[in-house]
Amino acid sequence: MKIRKAKLANKVLAIYLVSHFMIALSILAIMGVGLRTIRDNFIQRYKTNAMQHMEYFDEELLNLQNLVMYMMQSENVLVLSNQYEQLSDYEKINKKKQAKEELNILNNQYKWTSDIGIYIPKQDLWITSLEWFRPDEAIKDIEEPGLYFLQDTLYLLEKYENKNEYRRGYIKLDQYELIRLMEKMKFNEEVYIEALLNGEKLEIAPFNVQQANKTSREMVIKSSLYPIAFHIYLPSHFIEFGHEFYLLSLLALILLCFITIKFTKYLNRAIHKPLQNVVSHIENMNVHNFNQQAKHEGIDEFEYVTQSFNKAKGLLENYIKKSYEQAIDMKQMELSHLQGQIKPHFLYNCFFNISNMCKTYDVEKIEQLTLGLAKYYRYITRTSYAFVKLEEEYEHMKNYIGIQQIRFEDRVQIEMDPLPDNLKNVYVPRLILQPVVENAYKYVFEKIEAGGKLHINVREQAHFILIQVEDNGTFISLEQIEALQIRLKACENPVTGLINIKKRLHYIHEKNDIVVSQGEMGGLAIILQIYSEK
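Now for a look at the structure at hand. (Residues numbered from 1 in each chain as written. Predicted model: local features only at pLDDT ≥ 70, side-chain atom pairs only at ≥ 80, totals over all residues. Heavy atoms only, no water.)

Another point: the pairing of strand S9 (residues 228-235). Across the 8 residues of S9, 8 count as buried, placing the element largely inside the fold. Burial along S9 is two-sided: Ile228, Phe230, Ile232 and Leu234 and Ala229, His231, Tyr233 and Pro235, pointing in opposite directions, are all buried. Alignment of strand S6 (residues 192-197) against S9, held across 6 bridges, turns out to be antiparallel. When the bridges of S9 are listed, Ile193 appears paired with Ile232. Where strand S8 (residues 216-222) hands over to S9, the hairpin turn is made up of 5 residues, counted between the paired strands. (Buried < 20%, exposed > 50% of the residue type's maximum accessible area, 1.4 Å probe, protein only. Helix = DSSP H or I, 4+ residues; strand = E, 2+ residues; numbered from the N terminus. Pairing = 2+ DSSP bridges.)

With their axes 9 Å apart at the nearest point, helix H9 (residues 363-380) and helix H10 (residues 390-408) run at an angle of 140 degrees to one another. Classified by the angle their axes make, H9 and H10 are oblique. Along this stretch, H9 crosses H10, giving a crossing that reads as left-handed. Touching Lys365, Gln368, Leu369, Gly372, Leu373, Lys375, Tyr376, Tyr379 and Ile380 of H9 are Glu392, Glu393, His396, Asn399, Tyr400, Gly402, Ile403 and Ile406, all from H10. Partitioning the contact of H9 with H10 into residue classes produces 8 nonpolar, 5 polar and 4 charged. (Axes fitted to C-alpha atoms, helices over the stretch in contact; angles between N-to-C directions. Parallel < 35°, antiparallel > 145°, perpendicular 65-115°, else oblique. Left-handed = near helix turned anticlockwise from the far one by under 90°. Contact = heavy atoms within 4.5 Å. Nonpolar A, V, L, I, M, F, W, Y, C, P; charged D, E, K, R; others polar.)

All right, on to the sheet that holds strand S13 (residues 452-461) then. What the 5 strands build is an open sheet, ordered S11-S13-S14-S16-S15; its pairing is mixed. Each end of this open sheet is capped by a strand with a single partner; those strands are strand S11 (412-416) and strand S15 (513-518). On average, each strand axis in the sheet is inclined to that of its neighbour by 15 degrees, with strand direction left out of account. With 8 bridges joining them, S13 and strand S14 (residues 464-471) adopt antiparallel strand pairing. Bridge pairing in S14 links Ile456 to Val469. Against the sheet, helix H13 (residues 497-508) engages S15 and strand S16 (524-531), with an angle of about 140 degrees to S15.

With that out of the way, let us pick up the packing of H10 against helix H11 (residues 434-443). Packing of H10 against H11 brings their axes to within 9 Å, and their N-to-C directions diverge by 20 degrees. Relative to H11, H10 is oriented roughly parallel. In this structure, H10 meets H11 at a crossing whose hand is right-handed. Contact residues: Glu393, His396, Met397, Tyr400, Ile401, Gln404, Gln405 and Phe408 in H10; Gln434, Val437, Glu438 and Tyr441 in H11. By residue class, the composition of the contact of H10 with H11 is 6 nonpolar, 4 polar and 2 charged.

Following this line, the structure appears as structure tokens:
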């Protein structure tokens with residue numbers, strides 16, 4: 001067996017040397033592909049960056065387009081358009097002034113605008129943010145909406161038209177903002193960039209002449225919404241690498257081959273053979289053979305490695321079974337936890353509520369609901385934080401209740417006791433309160449039309465923090481509560497929301513628990529018991 005092992009070691013050494021020599025020769029050929037990949041990746045990253053700025057530009061133009069449509073339907077403009085003849089001279093002047101002030105306020109709020117104007121053909125009336133009811137001569141006779149480059153200025157035109165009404169609006173874009181956008185697409189002064197509208201070049205910035213004796217690579221970034229495109233010319237020396245790099249790489253590879261051959265001989269004698277001994281015992285462990293002890297002749301680092309390996313192997317056999325089972329439970333809990341984070345039905349209900357509130361122009365509730373949703377999803381997607389302060393978890397639960405109350409309104413009465421100051425900074429597992437409250441909305445309040453009650457209380461008792469969530473639902477019987485108690489005690493599969501919370505609490509401390517019972521209000525009372533060493 002020793003002779004066979006010696007032959008195998010020599011064979012491995014020979015293969016090791018030959019393979020390293022072949023790899024050294026192959027690297028030079030592969031390097032060309034690698035350099036092209038680096039170049040392509042560089043170009044792709046640059047193109048991605050430029051496309052992100054173009055998307056930002058599209059978004060800004062779309063917002064401005066919606067802004068013009070909004071202003072053409074504002075109250076003052078509608079009065080001037082439809083009731084102009086019925087107004088007194090004073091009212092006409094006042095309405096014009098109010099409309100102009102509105103345009104001026106919006107013009108100051110948006111950095112992309114240098115002027116905003118509206119034209120009412122029926123009254124032949126121009127209202128702009130800068131001039132006093134004077135027409136912009138550049139666009140006076142243009143009726144079709146779109147982007148126009150006139151008199152060294154980029155205009156965004158829009159119109160509102162139906163059977164009885166017709167109005168035009170425009171926004172004069174700030175040239176310096178467009179210049180700054182183009183500068184962000186460039187990473188170096190040597191980069192040349194052109195802006196084209198409907199295929200025609202726009203002279204919007206100082207002309208940076210491209211040197212005729214230098215080659216460049218053209219990159220075209222087009223808008224997906226408007227007929228505007230940016231042509232970016234990257235100098236070749238940014239993306240091409242010189243022959244000197246190839247020569248230095250070749251010399252480095254030759255030196256690497258020489259060093260590798262010398263080092264391989266020492267590596268085999270000092271490390272490979274002792275390591276092979278340890279590896280053979282590891283392979284025995286892979287088939288659950290923990291009986292053989294590893295041996296090493298000599299006094300060096302591998303003697304310590306061998307002794308430590310034998311000690312670790314003795315502990316591993318006892319640990320592996322418990323660790324394996326615990327890992328399965330944790331994975332199942334994690335899967336259930338992640339699945340429970342995203343609630344499509346909850347999200348659909350929120351969007352449906354937003355849609356209904358939009359129809360009734362209930363702006364305050366729309367703002368309240370959208371801000372609540374933003375806080376909700378920002379909190380549940382913070383996957384890097386396994387533990388948070390109880391105050392943060394309590395606020396997340398309050399935010400969730402606020403979102404639900406927009407939908408349920410007077411159907412559910414909430415009684416939430418203040419969180420004691422001495423408990424605010426206690427760290428608890430993330431997302432243990434909101435699922436409990438969600439349980440009440442899902443199984444109780446969804447089924448009733450009025451009279452729902454929810455009481456939440458946090459208190460200290462002995463060495464425990466008690467968090468109680470109680471509802472007044474009458475849909476659960478004592479037998480069902482007892483069955484739930486048995487399931488929670490046994491932590492049976494499948495892992496539901498409450499079992500998930502209990503397992504996560506139990507892994508932190510064995511005294512942590514969840515207790516369910518019939519509450520004083522007649523419904524289900526759920527108490528989270530969190531052990532505290534204070």
